[in-house]
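# Working through the structure, step by step
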Amino acid sequence: MARSVFSRRARFFVFCSTRKEEMEICSSINGVRELAQKARAGAKRIALVPTMGFLHEGHISLVKGAQKSCGFVALSIFVNPTQFGPSEDFSRYPRDFERDARLCREAGVDVIFAPEAKEIYPEGFSTSVHVEGLTAPLCGASRPGHFDGVCTVVLKLLNIVSPDEAFFGEKDFQQLAVIKRMAKDLNLACEITGMPIVREPDGLAMSSRNAYLSPGERENALSLSRSLLLADEMAAKGAGTGEIEASTASYLAENSIRVDYVSILDPATLQQTNSPRGALMALAGFAGKTRLIDNRILTR
Ligand code: AMP
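Since this is a predicted model, take the numbers as computed values, not measurements.

Here is what the cut-offs are and how they apply
- Residues numbered from 1 in each chain as written.
- Predicted model: local features only at pLDDT ≥ 70, side-chain atom pairs only at ≥ 80, totals over all residues.
- Heavy atoms only, no water.
- Pairing = 2+ DSSP bridges.
- Helix = DSSP H or I, 4+ residues; strand = E, 2+ residues; numbered from the N terminus.
- Axes fitted to C-alpha atoms, helices over the stretch in contact; angles between N-to-C directions.
- Contact = heavy atoms within 4.5 Å.
- Buried < 20%, exposed > 50% of the residue type's maximum accessible area, 1.4 Å probe, protein only.
- Polar contact = N/O pair within 3.5 Å; in protein donor to acceptor, adjacent residues only side chain to side chain.

All right, on to the sheet that holds strand β3 (residues 72–77) then. Taken in spatial order, the six strands make up an open sheet running β1-β4-β3-β2-β5-β6, and their pairing is parallel. Each edge of the open sheet carries a strand with a single partner, namely β1 (24–26) and β6 (191–195). Across the sheet, the mean angle from the axis of one strand to that of its neighbour is 25°, orientation sign disregarded.

Right under this line is the structure:
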């Protein structure tokens, strides 16, 4: 009797383990590298989803996108100090590893790579990756050195995991454009894939930084996504770039958003354009002390 119960359990275990292996958590470069190599040896296509943690549905949408084209998904969680300016929110950036690990497990992530800063930037680290041109406007102008930090860490993560495909959100439109440029310029053997912005039901773009917002700031922050819709309507009615930018900036200010930039740019070059239809409308502004960004491709 005892024997047959055991064998039934054993069969159940085999059934479960062939469906999904346990998610691994690695803090060492060698550890995650080995797991990715093992998956590659098993003929699996490898995906990397780089994040700074405090995960939300936007991040999980990248995981889902990765699972559609890859059999092994690595998600990195690393609050990268080199992409924060001295007066920015590095030390208070929200962190909750237990919750992140649970969300990753539920989403079916294969490995979380969560290194310490000294694993990524050991003593004597002296290299920085700089992409010209695309990094000049928008967040590059407001956050000097930000994209050097982003490119350096992303290139390191790509070299560590060697994924076939890496997934980034269009929420950070400029970041995606810069990383695509870097991958092309440096002949990286990794496809860079952008995924659509995931929004709260009321339109606010999901962001780990939304956790900072007081209820009043959260209400004011809604004006970012709303202003993009208003801009789209203005463009459809034939308004010019300057007129749309000025009216958007006023609308944000009326909603207590301290505007960092409101720009209508060519989405391929991130250069100014005179024709708003089909252009990128990108915004950054502060709700209280919290800097938020959003964007939209205006209807053609
Ligand atoms: P972060 O953890 O903020 O550095 O974001 C990690 C990745 O998730 C980046 O590629 C972001 O563009 C992406 N991401 C963040 N928020 C969203 C969102 N609301 N929708 C889609 N992707 C997002």
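In spatial order, the strands read β7-β8-β9; together these three strands make up an open sheet with antiparallel pairing. This sheet does not close on itself; its edge strands, each paired only once, are β7 (257–265) and β9 (290–297). The average undirected angle you get between the axes of adjacent strands in this sheet is 15°. Examined bridge by bridge, strand β8 (residues 280–287) and β9 share eight bridges and lie antiparallel to one another. Within the sheet, the bridge partner assigned to A284 lies in β9 and is I293. Helix α9 (residues 215–236) contacts β7, β8 and β9 of the sheet and is inclined by roughly 20° relative to β9.

Right, let's get into the side chain of S225. With respect to the helices, strands and loops of the structure, S225 is situated in helix α9. For S225, a relative accessible area of 9% corresponds to the buried category. Within the structure, S225 has its side chain in polar contact with the backbone oxygen of G203 (distance 3.2 Å). Not counting residues up to four positions away in its chain, the partners in contact with S225 are R199, G203, L204 and D294.

Keep in mind these numbers describe shape, not what the thing actually does.
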